[in-house]
Amino acid sequence: MNKTLVTLSAVAVLLPPAYAQEARALTIVAGSGRPGFADGQGAAAQFHKPIRLAPFGPDAVLVSDIYNHALRVVTKAGVVRTLAGAPDRKGHQDGPAAEARFASPHGVAVAADGRIAVAEAEGHVIRLLTKDAQAAGGYVVSTLAGQPGQKGMQDGPAAQALFNSPHATLWTGDGAVVTTDIGNGRLRRVNAGQVETIAGAEPGTFVYPMDIAPAAGGAILIADAGSHRIHVLSRAGTLTTLALDAPLSTPHGVAAGPDGTVYVADMKSHRVLAVDARGHVTAVAGTGAAGARPEQLNRPAAVLVHAGWLWIADLDNHRISALPLE
């Protein structure tokens, strides 16, 4: 792998920085603002630390709800339903989705054929949901890679591989699954029954690579919460770092818009930031102070551009919010 670092124009600071602010109306899509577990619409629905997002059809997103050990679906109308898992079913069990068990599912990604890859942080495995109309819950859950409950660092055959708190997933064009393995500080790829490291084998490359997102040309955006940086891994394997005109403060989520804008869930500053092609950073959501008012965020964990919206997983407000982009 070729590694090129582009020097950041500023370093991270302990206090939330004062970003340029672009006023936009933040909408609460679903969640009561209190931790719990309930399907329903709008404020009638409850989450317990929603942490990752993925497109799920033309007008909905898939949400990993970590303390409920569940995968939830949220529509633009705010209707929430549970796809798999439940707070009283923590553990590891494959099989029909209605009976499956998860342990703190984090990253979620949906393939073109409908398969769902899940990075299970506490279980240290990558799970796979495959559509099956005959199965209770409409999916069959299997373990794609890793050994349930066993953490470590081992590449090789998927069933023998070891992970340490995998946190995010994405599908690549060749049908592989890439995950951020934060405990090992690496990006790992699962393909054709094998696990390999594709970035981070060199010590110090990453600190806590929390999230990944697809970018133009087959590149992968990487949010490194520990180094307060956004990296880009090209399709050819070259690693660069975005040069920004303002510092980040624990970037926990990252996404790319169709115009190339990079959006960052900047957890410690309680804002969502937009980065343009020149590296100019603008705050587009959040006030800079943690809070539960409609215009505030409390440790935003993930962002996603989908269906004309910028979706936000608002971790400690236990809700899903959004900004219109069209």
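Quick look at the side chain of Asn68 now. For Asn68, the location among the structural elements is in the loop between strand S5 (60–65) and strand S6 (70–75). Asn68 gets classed as buried once you look at its relative accessible area, which sits at 3%. Apart from the residues lying within four places of it in its own chain, the contact partners of Asn68 are Gly36, Phe37, Gln46, Phe47, His48, Ala86 and Pro87.

In this section: the pairing of strand S19 (residues 220–224). The buried fraction of S19 is high, at five of five residues. Neither face of S19 is left uncovered, since the one carrying Ile220, Ile222 and Asp224 and the one carrying Leu221 and Ala223 both have all their residues buried. Two strands pair when backbone bridges link them, and strand S18 (residues 209–214) and S19 are joined in this way by five bridges, in the antiparallel orientation. What sits directly across from Asp211, in S19, is Ala223. Hairpin connection, S18 to S19: the antiparallel pair is bridged by five residues, and Gly217 has positive phi, about 70°. Connecting S19 to the next strand, strand S20 (residues 229–233), in antiparallel fashion are four residues, including His228 with a positive phi near 60°.

Counted according to the given criterion, the structure contains 15 salt bridges. When the shortest N-O distance is used, the salt bridge between Arg188 and Asp181 registers 2.6 Å. Arg188 sits in the buried class, given a relative accessible area of 0%. In this structure, Arg293 and Glu295 form a salt bridge, with 2.6 Å as the shortest nitrogen-oxygen distance. By relative accessible area, Arg293 is classed as partly exposed at 45%.

Before going further, it helps to spend a moment on the sheet that holds strand S3 (residues 40–41). Strand order in the open sheet formed by five strands is S3-S7-S6-S5-S4, with antiparallel pairing between adjacent strands. One side of each edge strand has no neighbouring strand; the edge strands of this open sheet are S3 and strand S4 (50–55). Taken together, the five bridges between S4 and S5 define a ladder with antiparallel strand orientation. By the bridge assignment, Pro55 is partnered in S5 with Val61.

In this section: the environment of Gly146. Following the sequence through the fold, Gly146 ends up in the loop between strand S12 (139–145) and strand S13 (156–157). Remark: the alpha-carbon pair of Gly146 and Ala256, spanning 110 residues in sequence, is separated by 29 Å. Among all residues touching Gly146, those that are not within four sequence positions of it are His124, Val125, Ala158, Ala159, Ala161 and Phe163.

What counts, and where the lines are drawn
Residues numbered from 1 in each chain as written. Predicted model: local features only at pLDDT ≥ 70, side-chain atom pairs only at ≥ 80, totals over all residues. Heavy atoms only, no water. Helix = DSSP H or I, 4+ residues; strand = E, 2+ residues; numbered from the N terminus. Buried < 20%, exposed > 50% of the residue type's maximum accessible area, 1.4 Å probe, protein only. Contact = heavy atoms within 4.5 Å. Pairing = 2+ DSSP bridges. Salt bridge = Lys/Arg side-chain N within 4 Å of Asp/Glu carboxyl O.

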